[in-house]
Amino acid sequence: MTMGPFRFSYPIRVRYSEIDGQQVVFNAHYLTYLDVAVVEYFRKVIGPDFLKLPEGYFDIALVRVSIDFKQPARLDDVIDVHCRITRLGNSSMNFEYMITRDNEVLVEAESVQVNFNPTTGKSQPIPEEIRRKIKAFENLP
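Since the model is a prediction, treat every value here as computed from it, not as a measurement.

**Points about the pairing of strand β5 (residues 104-117)**
When strand β2 (residues 60-69) meets β5, the two strands line up antiparallel, connected through 9 bridges. What sits directly across from Ala61, in β5, is Val114. With 10 bridges joining them, strand β4 (residues 92-101) and β5 adopt antiparallel strand pairing. Bridge pairing in β5 links Thr100 to Val105.

See the structure below:
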């Protein structure tokens with residue numbers, strides 16, 4: 001299911017190991033949910049072999065994230081993690097996320113990720129082929 005401006009979402013079922021003593025999802029697990037959604041987003045946009053790209057070609061690294069918690073997710077809930085890229089820089093990408101349960105917003109988040117070169121330890125330009133696919137999927141200029 002997609003919602004609003006999001007063209008991509010990925011469903012996740014909350015597992016027992018992800019809840020805390022208050023019987024809700026422990027806050028750190030939401031970062032894992034976002035990370036899973038990003039990988040699945042790129043599988044959809046770039047292709048199913050996204051993780052098999054040559055090392056150093058398109059390796060993303062998280063540089064910033066902010067999360068606003070609205071409502072908790074609970075054991076066995078099926079949540080939808082909506083994900084989209086809102087801005088493409090030279091080497092960076094801004095992501096926007098929304099986690100919902102039955103169309104109820106549980107979490108809103110934003111992140112910045114960069115194309116990272118593991119050899120140099122620095123960011124590098126997003127490859128033009130990847131840039132074209134993202135722009136086409138998101139209808140970005």
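**Here we look at helix α2 (residues 128-138)**
Think of an α-helix as 3.6 residues a turn; residues three or four steps apart then line up on the same face. Taken together, the buried positions of α2 are occupied by Ile130, Arg131, Ile134, Phe137 and Glu138. Taken down its axis, α2 places every buried residue within 135° of arc, on the same side. Exposed and oriented more than 90 degrees from the buried face of α2 are Arg132 and Ala136. Its buried side turned inward, α2 meets α1 (29-45), β3 (78-88) and β4. Among the residues trailing α2, Asn139 stands out with phi positive, at a value near 55°.

**Here we look at a nonpolar patch on the surface**
Together, Leu31, Leu62 and Val65 line one region of the surface with nonpolar side chains, adding up to about 230 Å² of accessible area. As for its placement among the helices and strands, Leu62 is situated in strand β2. Leu62 gets classed as partly exposed once you look at its relative accessible area, which sits at 49%.

**Details of the packing of aromatic side chains**
What the rule picks out here adds up to 11 aromatic pairs. Ring plane angle 90° and centroid distance 5.8 Å describe the contact between Phe8 and Tyr41, whose orientation is recorded as edge-to-face. Here the residue Phe8 occupies a position in the segment before β1 (9-13), and Tyr41 occupies one in helix α1, the gap between them amounting to 33 residues. Given a relative accessible area of 7%, Phe8 falls into the buried group. With a centroid separation of 6.3 Å and 65° between ring planes, the pair formed by Phe50 and Phe58 is classed as edge-to-face. Comparing Phe50 with Phe58, the two get one shared label, buried. Taken together, the aromatic side chains of Phe8, Tyr41, Phe42, Phe50, Phe58, Phe95, Tyr97 and Phe137 make up a single cluster linked through ring pairs. Over the face of the ring belonging to Phe137 we find Arg7, whose NZ or CZ atom lies 5.3 Å from the ring centre. Positioned above the aromatic ring of Phe6, the side-chain terminus of Arg84 is 5.6 Å from the ring centre.

Cut-offs applied
- Once a new chain begins, its residue numbering starts again from 1 and follows that chain's sequence as written.
- In keeping with the model being predicted, local features are shown solely for residues with a pLDDT of at least 70 and side-chain atom pairs are shown and tallied solely at 80 or more, while totals for entire chains, interfaces and linings include all residues.
- Values reported for side chains reflect all heavy atoms of the structure, with hydrogen atoms and water molecules removed beforehand.
- Any two strands between which DSSP finds at least two bridges are classified as paired.
- A run of DSSP states H or I qualifies as a helix once it reaches four residues; a run of E qualifies as a strand once it reaches two. Both are numbered from the N-terminal end.
- Remark: exposure states derive from per-residue accessible area (1.4 Å probe, protein chains only) relative to the maximum for the residue type, with buried under 20%, exposed over 50%, and partly exposed in between.
- By arc we mean the arc of the directions from the helix axis to the C-beta atoms, nothing more.
- Contacts between residues were defined by any pair of non-hydrogen atoms, one from each residue, lying within 4.5 Å.
- Patch building starts from residues that exceed 30% relative accessible area and form no salt bridge, then joins like charges within 9 Å and nonpolar side chains (Val, Leu, Ile, Met, Phe, Trp, Tyr) within 5 Å.
- Surface exposure here means Shrake-Rupley accessible area, sampled with a 1.4 Å probe, where a residue is shielded only by the protein chains that are shown.
- In what follows, salt bridge is the name for a side-chain nitrogen of Lys or Arg lying within 4 Å of a carboxyl oxygen of Asp or Glu.
- Each pair of aromatic rings taken from Phe, Tyr and Trp, with Trp reduced to its six-membered ring, is defined by centres within 6.5 Å and is described as stacked if the planes are under 30 degrees apart, edge-to-face if over 60, and tilted in the remaining cases.
- Criterion for a charge above a ring: Lys NZ or Arg CZ within 6 Å of the ring centre, and within 35 degrees of the ring normal.

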